[in-house]
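Remarks on the overall topology
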Amino acid sequence: MLLEGKKILIMGIRNKWSIAWGVANSCAENGAQVIFTHNTAESAEKVNALIQELPNPNGFTVESFQCDAGSDQSIQECLENIKAKYGKVDGILHSIAHANTEDLRNDFYKTSREGYAHACDISAYSLVATARIAKEIDLLNENASIVALTYYGAEKAIDGYNVMGVAKAALEASIRYLAMNLGKENIRVNGISAGPIKTLSAKGIKDFNSILDIVEEKAPLHRNVTTREVGDAVTFLFSNMSSAITGEIIHVDSGYSIMGV
Ligand code: NAP
């Protein structure tokens, strides 16, 4: 199994439709011990109930720690608690994004200064803060791998994705700069650019169903992707099979992004 003996931290689980849940299932089925974080104290009960459904042949403890990605203090406390209980980890998934609804609904040029900063803070800077704090508290094992989730809207203008496209562009650049710095310690940082998937976050995007239809029509594979397919690609990036890959953005999108028209 690809992740036998590895501990993987999954940040950004909300429900069984979350991409993070597809990743968690793939990691667990590939032998990893999986640890979770969730955003608010209010969601703790639901998340803790869901994660007990994870395949768990080794009988690992499965639990989730509260972590607000918008607060360095919260990230610090969360990662310290995880280190105290589990020791070092081998992989971290960043599966977190947020933008104000009005900034997704209105034309992009109407984005407020606050809305722009908020989207970039939660969706991009939080990766930098997590990597820095993880390194400072010595949470990462040798050969650790960090993976973040991004979207094609970072590369091309997509109506309705708006400020989130700017945040994802910042996230993708951050992945490259983190890879440059952390590579000295053999820590890898990569991104998966997932095709559109109907999750709670995706509901905030205008005409999301028509984006799904266009992928089915135009992508080389003529279908949309599943959270599990994204999860399997993340498992590859957490595994030793990808040991020479860092700073990359890998598309898991049925090939949609290679098409011209
Ligand atoms: P999701 O299930 O709604 O997950 C988004 C997660 O972000 C939620 O768990 C949410 O927690 C968390 N989050 C938001 N603000 C946070 C904060 N301040 N601190 C900590 N966590 C916070 O949606 P998803 O589609 O799986 O999204 C996961 C990642 O995949 C995101 O980066 C998204 O941009 C990316 N992605 C999604 C698609 C797609 O089509 N769905 C495609 C490509 C990439 P709460 O709900 O508890 O706030």
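Before any of the text, the structure's been laid out above.
Bear in mind the structure is a predicted one, so any value in this text is a computation, not a measurement. (Residues numbered from 1 in each chain as written. Predicted model: local features only at pLDDT ≥ 70, side-chain atom pairs only at ≥ 80, totals over all residues. Heavy atoms only, no water.)

What follows covers the packing of helix H5 (residues 113-136) against helix H6 (residues 163-182). Packing of H5 against H6 leaves a shortest axis separation of 8 Å and a crossing angle of 20°. It follows that H5 is roughly parallel to H6 by the angle criterion. Of the two possible hands of crossing, H5 and H6 adopt the one that is right-handed. Each of Gly115, Tyr116, Ala119, Cys120, Ser123, Ala124, Leu127, Val128, Ala131 and Lys135 in H5 lies in contact with H6, whose residues at this interface are Val163, Met164, Val166, Ala167, Ala170, Leu171, Ser174, Ile175, Leu178 and Leu182. Residue composition of the contact of H5 with H6, grouped by class: 16 nonpolar, three polar and one charged. (Axes fitted to C-alpha atoms, helices over the stretch in contact; angles between N-to-C directions. Helix = DSSP H or I, 4+ residues; strand = E, 2+ residues; numbered from the N terminus. Parallel < 35°, antiparallel > 145°, perpendicular 65-115°, else oblique. Left-handed = near helix turned anticlockwise from the far one by under 90°. Contact = heavy atoms within 4.5 Å. Nonpolar A, V, L, I, M, F, W, Y, C, P; charged D, E, K, R; others polar.)

The N-to-C vectors of helix H3 (residues 72-86) and H5 enclose an angle of 45°; their axes lie 10 Å apart at closest approach. For the element pair H3 / H5, the angle class is oblique. Seen along the crossing, H3 lies across H5 with a hand that is right-handed. Counting all contacts with H3, which are made through Asp72, Ile75, Gln76 and Leu79, the residues of H5 involved are Tyr125, Ser126, Ala129, Thr130, Arg132, Ile133 and Ala134. The class makeup of the residues in the contact of H3 with H5 is six nonpolar, three polar and two charged.

The next thing to look at is the site of the ligand. Residues in close proximity to the ligand total 27 residues, the closest being Ser18, Ala69, Ile197, Thr199 and Ser201. Contact between the ligand and Ser201: an oxygen atom at 2.5 Å from a side-chain N or O atom of the residue. Its free accessible area being 880 Å², the ligand has 92% of it covered by the protein chains. Mapping the ligand onto the cavity grids shows that it belongs to the largest pocket. In terms of residue class, the shell around the ligand is built from 14 nonpolar, ten polar and three charged. (Near = heavy atom within 4 Å. Polar contact = N/O pair within 3.5 Å; in protein donor to acceptor, adjacent residues only side chain to side chain. Areas by Shrake-Rupley, 256 points an atom, 1.4 Å probe, with all protein chains shown as cover. 1 Å grid on protein atoms, 1.4 Å probe; cavity = no way out; pocket = protein on both sides within 12 Å on 5 of 7 lines; lining within 4 Å. Sits in = over half its atoms within 2 Å of the grid points.)

Moving on: the packing of aromatic side chains. Both the distance between ring centres and the angle between the ring planes are used here to describe each pair of aromatic rings. By the definition in use, this model includes three aromatic pairs. Here the aromatic rings of Phe65 and Tyr86 are separated by 6.2 Å at their centres, their planes lie at 80°, and the arrangement is edge-to-face. Placement of Phe65 in strand E3 (residues 64-66) and of Tyr86 in helix H3 is noted, with a sequence separation of 21 residues between them. Each member of the pair, Phe65 as well as Tyr86, is classed as buried. Measuring from ring centre to ring centre gives 5.7 Å for Tyr152 and Tyr256, while their planes differ by 90°; the resulting arrangement is edge-to-face. With Tyr152 in the loop between strand E5 (140-150) and H6 and Tyr256 in the segment after strand E7 (249-252), the pair connects residues that are 104 residues apart, well separated along the chain. With relative accessibility at 24%, the residue Tyr256 sits in the partly exposed group. (Phe/Tyr/Trp six-rings, centres within 6.5 Å; stacked < 30°, edge-to-face > 60°. Buried < 20%, exposed > 50% of the residue type's maximum accessible area, 1.4 Å probe, protein only.)

It is worth stressing that arrangement in space is one thing and function is another; only the former is reported here.
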